[in-house]
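Results of the structural survey
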Amino acid sequence: MENWIFDLFNIDTWLEFWWVTLGFLAQAVFASRFIVQWIASEREGRSYVPVSFWYLSMFGGVLMLAYAVYRQDPVFILGQATGVIVYARNIVLIRRADRADNPTA
């Protein structure tokens, strides 16, 4: 039974299977940010990037970075690490603006 799963994902162990599962989950979270942004833009009637876009980017990016490190893929690691920095910075800027707009919170 397990041989077809291992063959399908080109893996040798159940540990690798769970890493591949994490990679698929990471990709799904990361891709969902575009659906969220699209729906938000349709509701606004203009191009709009909601805050949830940045949180999905960060969560998906960190998961994909973990997967890339496990796979030891330097191209993938560099790309995801750079993205995570950008997502984190945007979240910091959004929180800073929220605090400035609502100083009692």
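Residues numbered from 1 in each chain as written. Predicted model: local features only at pLDDT ≥ 70, side-chain atom pairs only at ≥ 80, totals over all residues. Heavy atoms only, no water.

**A few points about a positive patch on the surface**
A surface patch of like charges, here positive, comprises Arg89, Arg95, Arg96 and Arg99. With respect to the helices and strands, the residue arginine 89 is situated in helix α4 (residues 74-101). The exposure class of arginine 89 is partly exposed, given its relative accessible area of 43%. (Patch = residues over 30% accessible without salt bridge, like charges linked within 9 Å, V, L, I, M, F, W, Y side chains within 5 Å. Areas by Shrake-Rupley, 256 points an atom, 1.4 Å probe, with all protein chains shown as cover. Salt bridge = Lys/Arg side-chain N within 4 Å of Asp/Glu carboxyl O. Lys, Arg positive; Asp, Glu negative; His and termini not counted. Charge placed at Lys NZ, Arg CZ, Asp CG, Glu CD. Helix = DSSP H or I, 4+ residues; strand = E, 2+ residues; numbered from the N terminus. Buried < 20%, exposed > 50% of the residue type's maximum accessible area, 1.4 Å probe, protein only.)

**Here's the deal with helix α3 (residues 51-71)**
Three or four residues apart is the spacing at which side chains of an α-helix point the same way, because the helix has 3.6 residues per turn. Its 21 residues give α3 an end-to-end C-alpha distance of 30 Å, which sits within 8% of 30 Å, the value for a rise of 1.5 Å per residue. Considered for burial, the residues of α3 that qualify are Phe53, Trp54, Ser57, Met58, Gly60, Gly61, Leu63, Met64, Leu65, Tyr67 and Ala68. In this structure, the buried residues of α3 make contact with α2 (14-44) and α4. Count one or two residues on from α3 and you reach glutamine 72, which has phi positive near 55°. (Expected span 1.5 Å × (residues − 1). Contact = heavy atoms within 4.5 Å.)

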